[in-house]
Amino acid sequence: ARSRGGLILRSGYRRVNSVINDSFETLDPRWTFAAAHMIQDAAASADGVRRLQIGPNAAVSTSLWTYEVPVKPGDKVRIRFRGRKDAAFNGTPGNSKVHVGAATPANTMVGSVSFGGADFAAAQTWYDRTGLFTIPADGSITKIRVMLTSDNTAGYAWLDKLYIAVGT
């Protein structure tokens with residue numbers, strides 16, 4: 001009897017860099033939080049004992065991840081988080097979102113994942129939200145930054161297990 005074996009070779013390198021992997025268990029100094037955004041101790045967190053609370057505000061609130069991440073043409077940007085709202089939350093998908101934009105040139109949107117009231121079918125239930133975006137092939141974006149924006153004037157939303165990665 002003869003036996004045959006095989007060898008599988010794989011070449012190439014897949015680069016994946018975790019930009020943010022945050023369950024908000026500690027206050028990361030790389031976040032600059034808006035007044036309406038705060039880390040809250042809560043038994044109802046999706047992971048651990050804390051979550052990010054999005055409170056009502058009279059104007060759009062934006063928190064900024066202050067670290068700029070270098071990217072290359074064709075890189076993939078993955079956004080994933082868990083979100084929840086109360087019954088009064090009135091944030092809109094257009095302005096209640098986690099978004100990745102170009103640090104250079106400024107104000108060029110790469111992609112966003114919303115957490116508006118319509119994104120969650122029921123109050124007090126955690127939902128997974130995800131998005132996958134590609135850095136343009138033309139080389140126009142060389143660095144990205146992460147922002148968290150909300151526009152609710154009533155109610156609360158909560159985010160947890162925020163994960164953003166850049167890879168090929």
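No experiment lies behind these values; they were computed from the predicted model shown.

Draft legend 1. Fine view of the sheet that holds strand β2 (residues 31-32). One open sheet accounts for 5 strands, arranged β2-β5-β10-β7-β8; its pairing is antiparallel. In this open sheet, the two edge strands, each paired with only one partner strand, are β2 and β8 (109-114). With 7 bridges joining them, strand β7 (residues 97-104) and strand β10 (residues 143-150) adopt antiparallel strand pairing. Each bridged residue has a counterpart across the sheet, and for G101 the counterpart in β10 is R145.

Draft legend 2. Highlighting the confidence of the model for the protein. When pLDDT is averaged along the protein, the result is 89; 90% of the residues meet or exceed 70. Within the model, the stretch residues 6-13 combines pLDDT values under 50 with 1 contact to residues more than four positions away or in other chains.

Draft legend 3. Structural view of the pattern of salt bridges. Within the structure shown, the criterion is met by 4 salt bridges. With a shortest N-O distance of 2.8 Å, D28 and R30 are connected by a salt bridge. On the basis of relative accessible area, D28 is assigned to the buried category, the value being 14%.

Draft legend 4. Quick look at the packing of aromatic side chains. Scanning all chains against the criterion turns up 6 aromatic pairs. Between W31 and F33, the ring centres sit 5.3 Å apart and the planes meet at 15°, which makes this aromatic pair stacked. Given a relative accessible area of 6%, W31 falls into the buried group. On the accessibility criterion, F33 (22% relative accessible area) is partly exposed. When the centroid spacing of 6.4 Å and the interplanar angle of 15° are considered together, the rings of Y156 and W158 count as stacked. In this structure W158 comes out as buried when scored by relative accessible area, which is 8%. Every member of this aromatic cluster is reached through a ring pair, and the members are F24, W31, F33 and W65.

Cut-offs used in this document
- Each residue is numbered by its place in its chain's sequence as written, counting from 1.
- Whole-chain, interface and lining totals are the exception, using all residues; otherwise, since this is a predicted model, local features are given only for residues with pLDDT of at least 70 and side-chain atom pairs are given and counted only at 80 or more.
- Neither water nor hydrogens contribute to the side-chain values; these are computed over all heavy atoms in the structure.
- If DSSP finds at least two bridges between two strands, the strands pair.
- Helix and strand definitions here come from DSSP, where helices need a minimum of 4 consecutive H or I residues and strands a minimum of 2 consecutive E residues; each element is numbered from the N-terminal end.
- A residue's pLDDT is the predictor's confidence in that residue, given on a scale from 0 to 100.
- Contacts: residue pairs with any heavy atoms within 4.5 Å of one another.
- Note on definitions: salt bridges are taken to be side-chain nitrogens of Lys or Arg within 4 Å of carboxyl oxygens of Asp or Glu.
- Burial here depends on accessible area, computed with a 1.4 Å probe over protein chains only, as a share of the maximum for the residue type. Under 20% is buried, over 50% is exposed, and the range in between is partly exposed.
- Pairing of aromatic rings covers Phe, Tyr and the six-membered ring of Trp, with a centre-to-centre limit of 6.5 Å; geometry is then stacked below 30 degrees between planes, edge-to-face above 60, and tilted otherwise.

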